[in-house]
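# An overview of the molecular structure
One-letter residues, chain by chain:
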Amino acid sequence: MRRITTLAVTAAMAGGLLFAAAPAQALTASAKSGAATRGVVICDYNKMRAQVADLRQKAAQLDHLGAHAEAKKARAQADALQRRIQACLDAENNA
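These figures come from a predicted structure and were not determined experimentally. (Residues numbered from 1 in each chain as written. Predicted model: local features only at pLDDT ≥ 70, side-chain atom pairs only at ≥ 80, totals over all residues. Heavy atoms only, no water.)

### Remarks on the overall build of the protein
Rules: By the criteria applied, helices consist of DSSP H or I runs no shorter than four residues and strands consist of E runs no shorter than two, each listed in order from the N terminus. In what follows, residue pairs with any heavy atoms lying within 4.5 Å of each other are defined as contacts.
The helix and strand inventory of the protein stands at three helices and zero strands. Reading the protein from its N terminus to its C terminus gives the helix and strand order α-α-α. In the protein, 68% of the contacts between residues at least 6 apart in sequence involve partners at least 24 apart.

What follows is the structure, encoded as structure tokens:
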């Protein structure tokens with residue numbers, strides 16, 4: 001019974017990771033199209049930082065449940081989003 005519950009929670013959290021990653025991917029797609037047409041990329045730092053925090057929290061929960069591969073993916077997504085934030089900050093400081 002415990003194994004079934006753990007698998008159900010892991011599956012639900014993995015689905016949540018995909019759902020949480022969708023806005024980040026949409027942001028990069030819209031940012032690229034905006035850069036091509038207007039030359040301006042707008043970074044919503046608060047929203048992006050909240051996504052990073054959510055991904056790191058989900059990674060910790062997945063680690064706790066023993067889903068280490070999924071936790072590693074969530075951390076990688078959080079790290080990529082953190083690099084995107086830093087790139088936006090660097091671009092603002094160099095503009």
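### Structural notes on the pattern of salt bridges
Threshold: Whenever Lys or Arg places a side-chain nitrogen within 4 Å of a carboxyl oxygen from Asp or Glu, that contact is recorded as a salt bridge. Working definition: with a 1.4 Å probe on protein chains only, accessible area under 20% of the residue-type maximum means buried, over 50% means exposed, and in between means partly exposed.
Under the defined criterion, the tally for this structure stands at two salt bridges. A salt bridge links D79 to R56; the nearest nitrogen and oxygen atoms lie 2.9 Å apart. Within this pair, whereas D79 is found in helix 3 (residues 68-94), its partner R56 is found in helix 2 (residues 45-65), the two being separated by 23 residues in sequence. The exposure class assigned to D79 is partly exposed, which follows from its relative accessible area of 33%. Judged by its relative accessible area of 36%, R56 falls in the partly exposed class.

### Remarks on helix 3
Since one α-helical turn is 3.6 residues long, residues separated by three or four positions face the same way. Keep this limit in mind: Expected span of a helix: the number of residues minus one, times 1.5 Å.
In this model helix 3 runs 38 Å from its N-terminal to its C-terminal C-alpha over 27 residues, within 8% of the 39 Å that 1.5 Å per residue would give. Of the residues making up helix 3, those classed as buried are A71, A74, A78, L81, I85 and C88.

### Remarks on the state of the cysteines
Note the cut-off: When two cysteine sulfur atoms lie within 2.5 Å, the pair is treated as a disulfide.
Enumeration over the complete set of coordinates arrives at one disulfide. Residue C43 pairs covalently with C88 via a disulfide, S to S 1.8 Å. One disulfide, between C43 and C88, carries an S-S torsion of -45 degrees and so falls in the left-handed class. With C43 in the loop between helix 1 (2-37) and helix 2 and C88 in helix 3, this residue pair connects regions lying 45 residues apart in the sequence. No difference in accessibility class separates C43 from C88, as the two residues are buried.

### Considerations on the environment of L62
Its place among the elements puts L62 in helix 2. By relative accessible area, L62 is classed as buried at 0%. Distance from L62 to K72, taken between C-alpha atoms, is 9.0 Å for residues 10 residues apart in sequence.

This is a description of form; function is not addressed.
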